[in-house]
Amino acid sequence: MKTFRIGGIYPTANKLTADVPTIEAELPEQAVFPLSQHIGDPAIPVVRKGEAVKVGTLIAEAGGIISAPIYSSVSGTVLKIDTVSDETGNARPSIVINVEGDEWEPSIDRSNNLETLVEHTELTPDEIINRIKWAGVTGMGGAGMPTYVKLTTMPYTKAECVILNGVECEPYITADYRLMTERADEVLVGLDLLMRAAKVERGYIGIGANMPSAIALMQQKAANDDRVEIVPLQAKYPQGGEKQLVDAVLHRQVPAPPAVTANVGAIVINVATAFAVYEAVMKHKPLFERYVTVSGKEMAHPANFLVRIGTPIRQLIDACGGLPVSDNKILWGGPMRGVSLDTLDVPVVKGLAGLTIMSGSEAHRHTPEPCIRCAKCVDVCPMGLEPYLLARLSMLKKRQRAEREQITSCIECGSCQFACPSYRPLLDYIRTGKEGMESLSPHMHGGDCIKRNTYGVIFALVPALLMAVFSYGLNAIYLGCYSLLSCLLAEWGITRYLMRRPCTLADGTAVITALVMTLCLPARTPF
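Residues numbered from 1 in each chain as written. Predicted model: local features only at pLDDT ≥ 70, side-chain atom pairs only at ≥ 80, totals over all residues. Heavy atoms only, no water.

1. A short note on a nonpolar patch on the surface
Phase 1 of the analysis: Taken together, the side chains of Leu-474, Ile-477, Tyr-478 and Tyr-482 define a hydrophobic patch exposed on the protein surface, amounting to about 410 Å² of accessible area.
Phase 2 of the analysis: When you line up the elements, Leu-474 lands in helix α15 (residues 474–498). (Patch = residues over 30% accessible without salt bridge, like charges linked within 9 Å, V, L, I, M, F, W, Y side chains within 5 Å. Areas by Shrake-Rupley, 256 points an atom, 1.4 Å probe, with all protein chains shown as cover. Salt bridge = Lys/Arg side-chain N within 4 Å of Asp/Glu carboxyl O. Helix = DSSP H or I, 4+ residues; strand = E, 2+ residues; numbered from the N terminus.)

2. A closer look at the pattern of salt bridges
Phase 1 of the analysis: In this structure the tally under the stated criterion is 25 salt bridges.
Phase 2 of the analysis: Notably, a salt bridge pairs Asp-192 with Arg-227, separated by 2.9 Å at the nearest N-O pair. Here Arg-227 lies in the loop between α5 (212–221) and β11 (228–233) and Asp-192 lies in helix α4 (residues 184–198), a separation of 35 residues in the sequence.
Phase 3 of the analysis: The class for Arg-227 is partly exposed, based on a relative accessible area of 25%.
Phase 4 of the analysis: What you see here is one network of salt bridges that share partners, running through Asp-102, Glu-279, Lys-285, Glu-289 and Arg-308. (Buried < 20%, exposed > 50% of the residue type's maximum accessible area, 1.4 Å probe, protein only.)

3. Comments concerning α4
Phase 1 of the analysis: The terminal C-alpha atoms of α4, which comprises 15 residues, lie 21 Å apart, in line with the 21 Å expected from a rise of 1.5 Å per residue.
Phase 2 of the analysis: In the stretch just after α4, Lys-199 is the one whose phi turns positive, near 60°. (Expected span 1.5 Å × (residues − 1).)

4. What to know about helix α3 (residues 175–182)
Because each turn of an α-helix spans 3.6 residues, side chains separated by three or four positions end up pointing in the same direction.
Phase 1 of the analysis: Counting buried positions along α3 yields six of eight residues, so the element is predominantly enclosed.
Phase 2 of the analysis: Buried within α3 are the following residues: Ala-175, Asp-176, Tyr-177, Arg-178, Leu-179 and Met-180.

5. A word on the packing of α4 against helix α7 (residues 271–283)
Phase 1 of the analysis: Axis separation between α4 and α7 bottoms out at 7 Å; the angle between their running directions is 80°. Here α4 lies roughly perpendicular to α7, going by the angle between them. Together, Glu-186, Val-187, Val-189, Gly-190, Leu-191, Leu-193 and Leu-194 of α4 and Val-271, Ala-274, Phe-275, Val-277, Tyr-278, Val-281 and Met-282 of α7 make up the contact between the two elements.
Phase 2 of the analysis: Of the residues assigned to the contact of α4 with α7, the class counts are 12 nonpolar, one polar and one charged. (Axes fitted to C-alpha atoms, helices over the stretch in contact; angles between N-to-C directions. Parallel < 35°, antiparallel > 145°, perpendicular 65-115°, else oblique. Contact = heavy atoms within 4.5 Å. Nonpolar A, V, L, I, M, F, W, Y, C, P; charged D, E, K, R; others polar.)

6. So, the sheet that holds strand β1 (residues 23–24)
Phase 1 of the analysis: With mixed pairing, six strands are arranged side by side in an open sheet as β1-β14-β13-β17-β15-β16. Looking at which strands have only one partner, the edges of the open sheet turn out to be β1 and β16 (339–340).
Phase 2 of the analysis: Where strand β15 (residues 328–332) meets β16, two bridges bridge the pair, whose relative direction is antiparallel. Each bridged residue has a counterpart across the sheet, and for Leu-331 the counterpart in β16 is Ser-340. (Pairing = 2+ DSSP bridges.)

7. Some words on the packing of aromatic side chains
Phase 1 of the analysis: Across all of its chains, the model carries three aromatic pairs by this definition.
Phase 2 of the analysis: A ring pair is formed by Trp-104 and Phe-288, whose centres lie 5.4 Å apart and whose planes are at 75°; its orientation type is edge-to-face. Highlighted residues: Trp-104 in the loop between β8 (91–99) and α1 (125–135) and Phe-288 in the loop between α7 and β13 (289–295), separated in sequence by 184 residues. Of the two residues, Trp-104 and Phe-288, neither departs from the other in class, the shared state being buried.
Phase 3 of the analysis: Across the ring face of Trp-104, the terminal group of Arg-110 is positioned such that the distance to the ring centre comes to 4.0 Å. (Phe/Tyr/Trp six-rings, centres within 6.5 Å; stacked < 30°, edge-to-face > 60°. Lys NZ or Arg CZ within 6 Å of the ring centre and 35° of its normal.)

8. Structural notes on unusual backbone geometry
Phase 1 of the analysis: With an omega of 0°, the peptide bond between Tyr-237 and Pro-238 qualifies as cis.
Phase 2 of the analysis: Position of Pro-238 among the secondary structure elements: in the loop between β11 and α6 (242–250).
Phase 3 of the analysis: The phi dihedral of Lys-397 falls on the positive side, at around 60°, and the residue is not glycine.
Phase 4 of the analysis: Mapping Lys-397 onto the fold places it in the loop between α10 (387–395) and α11 (399–404).
Phase 5 of the analysis: Residue classification places Lys-397 among the exposed positions, given a relative accessible area of 63%.

9. Some thoughts on the side chain of Thr-57
Phase 1 of the analysis: With respect to the helices and strands, the residue Thr-57 is situated in the loop between β4 (52–53) and β5 (58–61).
Phase 2 of the analysis: From its side chain, Thr-57 meets the backbone nitrogen of Lys-54 in a polar contact 2.9 Å long.
Phase 3 of the analysis: In this view, Thr-57 contacts Ile-70, Tyr-71, Ser-72 and Glu-105; residues no more than four positions away in its chain are not counted. (Polar contact = N/O pair within 3.5 Å; in protein donor to acceptor, adjacent residues only side chain to side chain.)

10. Side note on the nonpolar core
Phase 1 of the analysis: With 54 residues, the main nonpolar core has Val-162, Leu-164, Leu-193, Leu-194, Ile-207 and Met-218 as its most contacted residues.
Phase 2 of the analysis: Look past the residues within four positions of Leu-193 in its chain and what remains in contact with it is Leu-117, Leu-123, Ile-128, Val-277, Tyr-278, Val-281 and Met-282.
Phase 3 of the analysis: Of all hydrophobic cores here, the second largest spans 36 residues; its members include Val-99, Ala-303, Phe-305 and Ile-317. (Core = buried A, V, L, I, M, F, W, Y, C linked by side-chain atoms within 4.5 Å.)

11. Re the side chain of Asn-270
Phase 1 of the analysis: Tracing the backbone through its elements, the reader meets Asn-270 in strand β12 (residues 266–270).
Phase 2 of the analysis: A polar contact of 2.8 Å, which involves the side chain of Asn-270, links it to the backbone nitrogen of Ala-272.
Phase 3 of the analysis: Setting aside its immediate chain neighbours within four residues, Asn-270 contacts Met-140, Gly-141, Leu-164, Asn-165 and Asp-176.

12. Some details on the sheet that holds β8
Phase 1 of the analysis: Pairing is antiparallel across the open sheet formed by four strands, whose spatial order is β2-β8-β7-β4. This sheet does not close on itself; its edge strands, each paired only once, are β2 (30–34) and β4.

13. Things to note about the environment of Val-20
Phase 1 of the analysis: Within the element layout of this structure, Val-20 appears in the segment before β1.
Phase 2 of the analysis: Look at Val-20 and you get partly exposed, because its relative accessible area is 25%.
Phase 3 of the analysis: Considering only alpha carbons, one finds Val-20 and Arg-404, 384 residues apart in sequence, at a separation of 46 Å.
Phase 4 of the analysis: Those residues within four positions of Val-20 in sequence are excluded, and the remaining contacts are Arg-178, Pro-302, Ala-303 and Asn-304.

14. Some words on the packing of α1 against α4
Phase 1 of the analysis: Running from amino to carboxyl end, α1 crosses α4 at an angle of 120°, the nearest separation of the two axes being 8 Å. Classed by the angle they form, the pair α1 and α4 counts as oblique. For the pair α1 and α4, the crossing hand works out as left-handed. Residue-level contacts link Pro-125, Ile-128, Ile-129 and Ile-132 of α1 to Leu-193, Leu-194, Arg-196 and Ala-197 of α4.
Phase 2 of the analysis: Partitioning the contact of α1 with α4 into residue classes produces seven nonpolar, no polar and one charged. (Left-handed = near helix turned anticlockwise from the far one by under 90°.)

15. Brief notes about the pairing of strand β17 (residues 354–359)
Phase 1 of the analysis: Most of β17 sits inside the fold, with six of its six residues counted as buried.
Phase 2 of the analysis: As defined by bridge partners, β13 adjoins β17 across three bridges and the pair is classed as parallel. When the sheet's bridge partners are listed, Val-294 is paired in β17 with Leu-355.
Phase 3 of the analysis: Taken together, the five bridges between β15 and β17 define a ladder with antiparallel strand orientation. Looking at β17, one finds that Ile-330 is bridged to Ile-357.

What follows is the structure in structure tokens.
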């Protein structure tokens with residue numbers, strides 16, 4: 001059976017809610033909508049205090065090129081626009097709405113009739129992408145990338161296929177599994193829409209082998225479509241990672257960041273996102289509700305919910321019988337990648353697939369012990385990294401060295417921490433290191449490897465410099481040397497004394513500035 005080739009672990013699945021049908025969560029008394037539910041710029045509010053809204057009313061528009069609008073999931077009155085704590089404990093701008101009734105926008109098709117592309121041949125790729133963008137559809141597997149961005153052709157890439165991610169390898173969570181078994185037809189139409197939008201003729205749905213009923217159902221539904229292949233995948237963690245999924249399905253490995261799956265011809269979309277695409281395009285329904293699992297070994301009634309965005313998680317936990325009478329740790333997500341919460345007043349957002357309640361001994365961490373150099377973390381890392389080294393570099397705040405060791409390639413799956421016999425918090429250290437991974441160069445920011453990018457630009461400028469030397473002789477060489485010296489001194493002084501950061505002359509950015517100066521200034525410039 002197919003799987004990815006590097007690393008991986010086999011945690012106990014604990015899919016306690018796999019056979020529990022999804023129930024519709026009750027409406028909250030008050031809904032909270034954070035403006036940053038996606039990667040990119042926060043959404044910008046378009047409503048004011050006291051304004052009445054309906055289900056499906058636009059309450060915040062996209063705040064930039066990479067952003068997504070937010071729609072109300074309830075009807076009622078805007079109470080305030082204020083800061084509210086999110087799952088990380090940070091205060092984020094949010095819109096708070098008091099719920100009154102359940103009145104929907106009339107443009108939303110609430111019927112259960114299945115719509116397909118056979119009846120809607122007028123839908124062009126651009127029209128599909130525009131509707132997805134309008135509806136605020138984002139990645140619902142946790143990353144939160146606006147879906148239209150993935151479907152927009154990137155320079156130097158050509159999509160060959162769309163892969164739906166139905167693996168759901170995180171223990172406990174079964175939201176995607178229930179979605180596939182309950183709304184299989186809509187998911188397949190969503191895949192068809194995504195394939196048309198991406199202009200490809202091949203689609204795959206990767207499903208974990210521990211979901212045999214979902215595999216059988218999807219194979220039955222897709223039997224008459226030769227373009228779509230259902231791919232059973234080994235129940236191995238983190239099989240649901242984008243790069244691991246592409247490796248398993250296509251046997252292609254995605255290069256290090258900033259490369260994405262599109263660089264090897266694949267657009268990877270979560271099955272919940274595909275369902276949201278179907279509703280956005282065919283039903284004119286913005287993204288304002290999603291499937292969420294609430295589970296835990298000591299929970300009285302673990303369940304799967306169809307829940308409106310903005311609902312407090314406290315309400316979902318209460319619907320499952322409340323918290324167990326013991327020490328509890330509430331995880332935003334699953335036990336492998338989840339973040340521990342310190343409050344139950346956090347609202348459900350677009351990227352939340354599940355809540356895991358760890359109780360009793362599971363809620364306590366073991367005391368970390370010294371590293372014994374066993375290299376188990378290296379063996380299980382699905383990205384081929386050295387987690388013990390990245391964790392130590394992060395702890396020592398040696399960010400440039402961590403960047404050279406490809407810390408930005410870490411997908412934060414937690415396999416290293418799971419396998420560590422010394423119970424070292426490797427993932428915690430690495431996450432801290434990545435959060436501080438702001439480029440030390442004054443010219444570039446982000447997680448890209450500075451040297452790789454700047455040296456490529458320098459190499460591209462060399463022919464122009466050689467032509468200048470050939471045309472103007474020694475004067476061009478003198479000008480280049482003066483420019484390089486002045487740029488190096490300027491960058492050294494700025495970074496050391498004004499920005500008060502370690503000097504980063506080796507990144508090559510000063511050399512680029514000097515080359516551009518040399519090519520722009522007249523060769524006979526006096527000094």
